[in-house]
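One letter stands for each residue in the lines below.
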Amino acid sequence: MLLQVIFSGLATGSIYALVALGLALIYNTTEHVNFAQGEMSMISAFFGFTFFNFIGLSLPIAFLLTLLASAILGIIVERLVIRPAMKAPHFNVFIITLGLSIVLKSSAGFIWSHNDYPYPSIFPDETIAIGSATIDMIGLGNIGMTIVLMIILYVFFKYTKYGTAIRAVSESQNAAALMGINVKQSFSMTWAISFLVAAVAGILMAPVVFLSTHMGLVVINGFAGAILGGWGSIPGAIIGGMLLGVIDNVAPLYLPSQIKNVVPFAVIFFVLVIRPKGIMGVEKFIKV
Amino acid sequence: MPDLVERIITKENTIWFIAVILLLILPLFLGKYTVFLLSLLAVYALVSLGLNLLMGYTGQIAAGHAGFLAIGAYFTALISANVEWLPCLVTLFLAGIFSGAIGFLLGIPILRLKGFYIAMATLAFGVVVSEVILQWSSVTGGDDGFSVPTARIAGFAFDSDFKLFYLIFSVTIVLTILAKNLTKGYIGRAFIALRESEVAAQTIGIDLAKYKTIAFAISAFYTGVAGGLFAYLITFLSPDAFTIELSIDFIAMIVIGGMGSILGSIIGAVILTGMQQVLAGLLDLQILIFGISLIVFMIFMPKGISGMIYDLRDRYSRR
């Protein structure tokens, strides 16, 4: 029983990890906190829905188009609302992304209404038995997909020219600019990648929770995961997200079942009070 | 004595006096619903003031003020229902103190946090409050909601929207004047110094821990009193009225009105109430407009409408 719950916790956690990863990517490069990360997943999932349901494309093509559309939207969003405030205090940018999140949610409500829609998964809806535990293929696929994406991102950041440039920008924007790196381009690429990660999260999440405009609330879980793992740390985001998924699923076993609604908030609160830097985080020193 | 009169009736204050007198006469010519809306506006203005003291003046993003509003509202409702002889002004004051104490306690762990972490912690706080209200149904009525008794002072009952209007407005005006004095005084200047730079403020001897927790306590006090008035006004409380969305509406209210400004708080409340009425059936459009305004104001006019007004006035008076 416990083993099975832990497995479904990891399946949920892989989605949280992706949201946390998107948050960490943007934070590392731009030092901005993106409150709209969850709504980005939501809107991307709706893009996919439009491609296969209204236009009638096959699933793989629809999802590839979704990734492309999301990356383009990421570049547009960065150019329109983030870059004009590039030099503004982070406080202002946080409020801007807060505004962005409610703009995305209400526009999605206008276009697709606030109903729930069933959403197909790219993985077969079957279960396999391993020992006493039954494991569903969708959950397994989600975990696998998350790992694959992590490896792709790792290779991109480690070995490509653009990835290295983004890492340089996250070390120091000024120094990177002096080395001839186009900082603005790195910013917009970061947003594109983060939107891409959000799109994958959205496509994986929608079959599990139904597609609806309320899906964006997953950003809270993403924050909780990222904070638990250590804010600003990419491995931390992944570990924290996974761990949060497990806590999310195990807690109702031992505590009253209503606890599920408050798990992410309780985690945020306790981590911030007891150990604000999380599991993998490093203490930041402030320079004046 | 003439000195004092001169000090009170300055050019700047006359506008405020006229506005207050007009507001006090106005209800006599208006319908029941408009008076209700004006009262709601006054309640929002109080929340806006409280939030602005914390966010606009002290620079701490607080994304859970619906929680303090709920605490004030439920506290007032419960006290009014159980201790009937207590005058409503005392109840409101106690609601403010209770909410302020919780704000103070919340402020202590938050001292360790910076920037957006504070936003996350307060957001979490707001959600936990509404969840507690929902689950603690033996006291709060849970999902079924809670009927608020009529506000009373001794024998007098504020049993109509007109009577409530005067109660709500007098409380709001007194607290607005207090807030104005507070921001002009030592505490207010300490808040502003903390907002501009925590490190610099500490080097000139401002006790960071003390003033941040004070900011949380005062902000929660204002919002708690507002919650009490809100309870009397809408007469029926249910936990799903105090959502994350409401907290975000409050943030939008002060961003659009103007952060770090008393006038801005009031303008923000006017805009929130106005939008809720004009676009009552069109929730999505209302949220969309709020979202776009949040973005546009933060990019082009971070000081909000009141900042714009003050800039225009400065330019005009310099010529």
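Just above sits the structure.
Residues numbered from 1 in each chain as written. Chains lettered and ligands numbered in written order. Predicted model: local features only at pLDDT ≥ 70, side-chain atom pairs only at ≥ 80, totals over all residues.

Participant: Mind showing me how you'd approach the overall build of chain A here?
Facilitator: Broken down by element type, chain A carries 11 helices and two strands. A compact globule built from 288 residues should have a C-alpha radius of gyration of about 19 Å, and chain A, at 19 Å, falls within 12% of that. Referenced to the eigenvectors of the C-alpha coordinate spread, the extents of chain A come out at roughly 60 × 50 × 35 Å. (Helix = DSSP H or I, 4+ residues; strand = E, 2+ residues; numbered from the N terminus. Rg over C-alpha atoms; globule rule 2.2 N^0.38 Å.)

Participant: Where do I start with the environment of Tyr117 of chain B in this structure?
Facilitator: Residue and element names in this part refer to chain B. With respect to the helices, strands and loops of the structure, Tyr117 is situated in helix H6 (residues 115-135). Assessed through the 20 C-beta atoms surrounding it within 10 Å, Tyr117 is described here as buried. Measuring from C-alpha to C-alpha, the distance between Tyr117 and Gln60 comes to 9.8 Å, with 57 residues separating the pair along the chain. (Buried ≥ 20, exposed ≤ 12 C-beta atoms within 10 Å, placed from the backbone.)

Participant: What exactly am I supposed to notice about the packing of helix H4 (residues 90-112) of chain A against helix H12 (residues 244-257) of chain B here?
Facilitator: Each pair of packed helices can be described by the angle between their axes along with the distance between the axes. For the pair H4 of chain A and H12 of chain B, interaxial distance at closest approach is 11 Å and the crossing angle is 125°. Overall, the two elements H4 of chain A and H12 of chain B adopt an arrangement that is oblique. For H4 of chain A against H12 of chain B, the interelement crossing comes out left-handed. Residues Ile95, Leu98 and Ile102 of chain A of H4 of chain A lie in contact with H12 of chain B, whose contacting residues are Ile248, Ile251 and Val255 of chain B. Grouping the constituent residues of the contact of H4 of chain A with H12 of chain B by class yields six nonpolar, no polar and no charged. (Axes fitted to C-alpha atoms, helices over the stretch in contact; angles between N-to-C directions. Parallel < 35°, antiparallel > 145°, perpendicular 65-115°, else oblique. Left-handed = near helix turned anticlockwise from the far one by under 90°. Contact = placed C-beta atoms within 7 Å. Nonpolar A, V, L, I, M, F, W, Y, C, P; charged D, E, K, R; others polar.)

Participant: Would you take a moment to explain unusual backbone geometry for this structure?
Facilitator: Across the chain, the bulk of peptide bonds are trans and the bulk of non-glycine residues have phi less than zero. Residue and element names in this part refer to chain A. With a phi close to 65°, Ser113 is a non-glycine residue in the positive phi region. With respect to the element layout, Ser113 can be found in the loop between H4 and strand S1 (127-130). Of note in the backbone geometry, Phe210 takes a positive phi value of approximately 70° without being a glycine. Mapped onto the elements, Phe210 comes out in the loop between helix H8 (183-209) and helix H9 (218-229).

Participant: How should I be thinking about the packing of helix H5 (residues 137-159) of chain A against helix H6 (residues 161-171) of chain A in this particular structure?
Facilitator: Residues and elements named next belong to chain A. Between H5 and H6, the least distance of the axes is 5 Å, while the angle of their chain directions is 80°. Relative to H6, the element H5 lies roughly perpendicular. Packed against H5, whose contacting residues are Phe156, Phe157, Lys158 and Tyr159, the element H6 presents Gly163, Ile166 and Arg167 at the interface. For the contact of H5 with H6, the per-class residue count stands at four nonpolar, one polar and two charged.

Participant: Looking at this structure, how should I read the environment of Ile244 of chain B?
Facilitator: Position of Ile244 of chain B among the secondary structure elements: in helix H12. Residue contacts for Ile244 of chain B: discarding those within four places in its chain leaves Leu123, Gly126 and Val127 of chain B.

Participant: I tried to follow the interface of chain A and chain B on my own but got confused; where do I start?
Facilitator: The figure often quoted for interface size is the accessible area lost as the parts come together. Taken together, the contacts link 33 residues of chain A with 31 residues of chain B. Put simply, the parts of the chain that give the side of chain A that touches chain B at least two residues each are H4, H9 and helix H11 (263-274) of chain A. At 15 residues, the largest contribution of residues to the side of chain A that touches chain B is made by H4 of chain A. Here the residues of the side of chain A that touches chain B sort into 25 nonpolar, eight polar and no charged.

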